[in-house]
Amino acid sequence: MKLQFDANLHYQEQAVSAVVDLFRGQTPKRSAFTVTMEDDAGQMTTDNGIGNKLELVEDEILENLQAVQLRNGLPQTKTLKRGAYDFDIEMETGTGKTYVYLRTIFELNKAYGFKKFIIVVPSVAIKEGVSKSLEITREHFETLYNNVVYDTYIYDGAKPEEVRSFAVNDNISIMVINIAGFRKSFDDPEKENKANIIHRAIDKLNGMRPITLIQETNPVVIVEDRKSVV
């Protein structure tokens, strides 16, 4: 059986546009940084990491947000918390939240060139569900977006070096992680072995923490809480 996806549901298109239009005025840009890693031969190799780069300032984001709120009949936000771009997209259960935020990824790439995305989910079970959604929608999105090339990563604490692949990839890169994978963090080096692996210094990453490498990509972070997408 082959699943069919309807790309023309108006309420889904509205939700996607609500996010995409937050960045109206952004031009395609990207940041670059250095990633050093130990290869299989034990030699250190250096690659160029690739990240998103936001050029809009806070007032421009706020103006875009107010425009989105106005057309959707919502109260207008007066100010943003400095440096905190957190936005809620609320949809009823069963209306296709997962499809909407996956499609939003491709629209953000198409409009602004953003390439790095993190999907944070509340449990391992939901992580597996999102992984399956990425699998079954691949043909649909490739057809819809002119055979766009994209890669997916299901974060595995036992393979933190895969974060390096996410960081240096020049394609759209989508990483799915459950919140328990990075919840525990300790600033005390003596207690570091109690923290999640994502917060630990990794020898193969030249002593860098996976979470730090992820942060270097300046990803768009999508948080699924079963009730809304942020």
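Reference entry: report on the structure contained in this document. (Residues numbered from 1 in each chain as written. Predicted model: local features only at pLDDT ≥ 70, side-chain atom pairs only at ≥ 80, totals over all residues. Heavy atoms only, no water.)

Things to note about unusual backbone geometry
The phi torsion at Asn147 lies on the positive side, around 55°, for a residue other than glycine. Take Asn147: it is sitting in the loop between helix H5 (138-144) and strand S5 (150-154). The exposure class assigned to Asn147 is exposed, which follows from its relative accessible area of 58%. In this structure, Asn218 is a non-glycine residue whose phi angle is positive, near 50°. In this structure, Asn218 sits in the loop between helix H7 (210-216) and strand S7 (220-223). (Helix = DSSP H or I, 4+ residues; strand = E, 2+ residues; numbered from the N terminus. Buried < 20%, exposed > 50% of the residue type's maximum accessible area, 1.4 Å probe, protein only.)

Focus on the packing of aromatic side chains
Under the criterion given, the structure shown has 10 aromatic pairs. On the basis of an interplanar angle of 10° and a centroid distance of 6.3 Å, the ring pair of Phe5 and Tyr99 is categorised as stacked. With Phe5 in the segment before helix H1 (10-20) and Tyr99 in helix H3 (residues 97-112), this residue pair connects regions lying 94 residues apart in the sequence. Tyr99 gets classed as buried once you look at its relative accessible area, which sits at 10%. Among the aromatic side chains, those forming a connected cluster through ring pairs are Phe5, Tyr99, Phe106, Phe141, Tyr145 and Tyr150. Lys116 extends its terminal NZ or CZ atom over the ring of Phe166, reaching a point 5.5 Å from the ring centre. (Phe/Tyr/Trp six-rings, centres within 6.5 Å; stacked < 30°, edge-to-face > 60°. Lys NZ or Arg CZ within 6 Å of the ring centre and 35° of its normal.)

Considerations on the nonpolar core
Residues Phe23, Ile105, Leu108, Ile119, Val130 and Ile172 are the most contacted members of the largest nonpolar core, which totals 41 residues. Only H1, helix H2 (58-71), H3, strand S4 (116-121), helix H4 (124-136), strand S6 (172-178) and S7 provide two or more residues apiece to this core. Broken down by element, the residue count for this core peaks at 8 residues, all from H3. The next biggest cluster of nonpolar side chains, apart from the first, holds 19 residues, and it includes Ile118, Phe166, Val168 and Ile198. (Core = buried A, V, L, I, M, F, W, Y, C linked by side-chain atoms within 4.5 Å.)

Thoughts on the sheet that holds S6
Reading across from one edge, S5-S6-S4-S7 is the order of the 4 strands in this open sheet, with parallel pairing throughout. The open sheet is flanked by S5 and S7, the only strands paired with a single partner. Averaged over neighbouring strand pairs, the angle between their axes works out to 20° when direction is ignored. As judged from the 5 bridges shared by S5 and S6, these two strands associate in the parallel manner. Bridging across to S6, Tyr150 finds its partner in Ile172. H4 contacts S4, S5 and S6 of the sheet and is inclined by roughly 155° relative to S6. (Pairing = 2+ DSSP bridges. Axes fitted to C-alpha atoms, helices over the stretch in contact; angles between N-to-C directions. Contact = heavy atoms within 4.5 Å.)

Quick look at H4
Taking 1.5 Å per residue, 13 residues should reach 18 Å; H4 reaches 19 Å between its end C-alpha atoms and fits that length. Considered for burial, the residues of H4 that qualify are Ile126, Lys127, Val130, Ser133 and Leu134. Projected onto a plane normal to the axis of H4, the buried residues spread over an arc of 120° and lie on a single side. Exposed and facing more than 90 degrees away from the buried side of H4 are Ala125 and Glu135. (Expected span 1.5 Å × (residues − 1). Arc of directions from axis to C-beta.)

Describing the environment of Gly51
Note on placement: Gly51 falls in strand S2 (residues 44-52). Among the residues examined, Gly51 registers a relative accessible area of 3% and is labelled buried. C-alpha of Gly51 to C-alpha of Lys29: the two residues are 22 residues apart in sequence and 9.0 Å apart in space. Not counting residues up to four positions away in its chain, the partners in contact with Gly51 are Arg30, Ser31, Phe33, Lys116 and Thr217.

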